[in-house]
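# Summary of structural features
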Amino acid sequence: MLLNIANVLDAAAITAIHNEIKSGGIVFTDGSATAGWQAKAVKKNEQASGAALDGIIQKAAAAILAHPLFRAAANPKQLVKVMLSRYKPGMAYGTHVDNALMGGIRTDLSFTLFLKEPDTYEGGALVIEGNDGDNEIKLPAGSLVLYPTTTLHHVAEVTSGERLAIVGWVRSYIRSHEDRETLFDLENAISSLRLANVDRAILDRLLKVKANLLRGWAED
Ligand code: NI
């Protein structure tokens, strides 16, 4: 399941990140240092560091983890790793699969949080490669795409402008993508029923089903 989540960061938070880059609080270096051997060969982008980076990453991580749609879809135990990356013209990240373990922690879901409006740069789509075709994703600034870490994917070459994004990985309480999707569907159905003011006893029964599926499937 691919999920687009809008407005994870607001305009003020995004402007603050751009200002830190302009003022030198964030600097960028060759990103291939943070890739494994298989990804290193195809990774051509820049990775952020600098005094302001930790604060920015912490704020973004908090906003992501607090987002109800993200919580419902990911069942996150923790964010395993979060990075800020930039692609200038000529940069791309060829087809690769992300590491299954990072620092000894399993990665279940990946996300890209876009930080530039799509009309300010050409190219730079995240392309998720599926057996039934490719999915090209390029979202408004502040929006996030969540996708299974199991996939082959690439970032198309940027041909003009700059692509700026926060990327990261999630350890979910639910290992199986199918089970995670079932819980997400159930959560959405319960939310809709709540809004429709259905009988409380029906909701209680469904909440029991949800809690016990989670209890059965969760790896804590
Ligand atoms: Ni990747």
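As the structure is a computational prediction, the values presented were derived from the model and not from experiment.

### Some words on helix H1 (residues 11–23)
The periodicity of an α-helix, 3.6 residues per turn, causes residues three or four places apart in sequence to face the same way. With 13 residues, H1 extends 18 Å from end C-alpha to end C-alpha; this agrees with the ideal 18 Å at 1.5 Å per step. When H1 is considered as a whole, its buried residues turn out to be Ile14, Ile17 and Ile21. Relative to the axis of H1, the buried residues are bounded by an arc of 55° and lie together on one face. Those residues of H1 that are exposed and aimed more than 90 degrees away from the buried face are Ala11, Ala12, Lys22 and Ser23. Gly24, located one to two residues past H1, shows a positive phi value of around 90°.

### Details of the sheet that holds strand S11 (residues 126–130)
With antiparallel pairing, the five strands of this open sheet are ordered in space as S3-S6-S14-S11-S12. The sheet is open, and its two borders are formed by strand S3 (43–44) and strand S12 (133–137), each paired with just one other strand.

### Thoughts on the packing of aromatic side chains
Scanning all chains against the criterion turns up one aromatic pair. With a centroid separation of 6.3 Å and an interplanar angle of 85°, the aromatic rings of Phe70 and Phe111 are classed as edge-to-face. Note that Phe70 is positioned in helix H4 (residues 68–74) and Phe111 in strand S9 (residues 109–114), a separation of 41 residues in sequence. Exposure class is identical for Phe70 and Phe111. Each is buried.

### Comments concerning the coordination of the nickel ion
Within the protein, the nickel ion binds to His96 (NE2), Asp98 (OD) and His153 (NE2); these donor distances fall in the range 2.1 Å. Each donor residue of the nickel ion belongs to the same chain, with the gaps between them written as H-x1-D-x54-H. Residue His96 is found in strand S6 (residues 92–96), and its partner His153 is found in strand S14 (residues 152–155); the two are separated by 57 residues along the sequence. On the basis of relative accessible area, His96 is assigned to the buried category, the value being 3%. A relative accessible area of 3% places His153 in the buried class.

### Focus: the environment of Asp98
Tracing the backbone through its elements, the reader meets Asp98 in the loop between S6 and strand S7 (101–102). Accessibility expressed as a relative area gives 12% for Asp98, which makes it buried. If sequence neighbours within four positions are ignored, Asp98 has contacts with Ser110, Tyr147, Thr149, His153 and Trp169. Among the polar contacts made by the side chain of Asp98, one reaches the side chain of Trp169 at a distance of 2.9 Å.

Basis of the calculations
Residues numbered from 1 in each chain as written. Predicted model: local features only at pLDDT ≥ 70, side-chain atom pairs only at ≥ 80, totals over all residues. Heavy atoms only, no water. Helix = DSSP H or I, 4+ residues; strand = E, 2+ residues; numbered from the N terminus. Expected span 1.5 Å × (residues − 1). Buried < 20%, exposed > 50% of the residue type's maximum accessible area, 1.4 Å probe, protein only. Arc of directions from axis to C-beta. Pairing = 2+ DSSP bridges. Phe/Tyr/Trp six-rings, centres within 6.5 Å; stacked < 30°, edge-to-face > 60°. Donors = N, O, S within 2.8 Å, 3.2 Å for Na, K, Ca; no water. Contact = heavy atoms within 4.5 Å. Polar contact = N/O pair within 3.5 Å; in protein donor to acceptor, adjacent residues only side chain to side chain.

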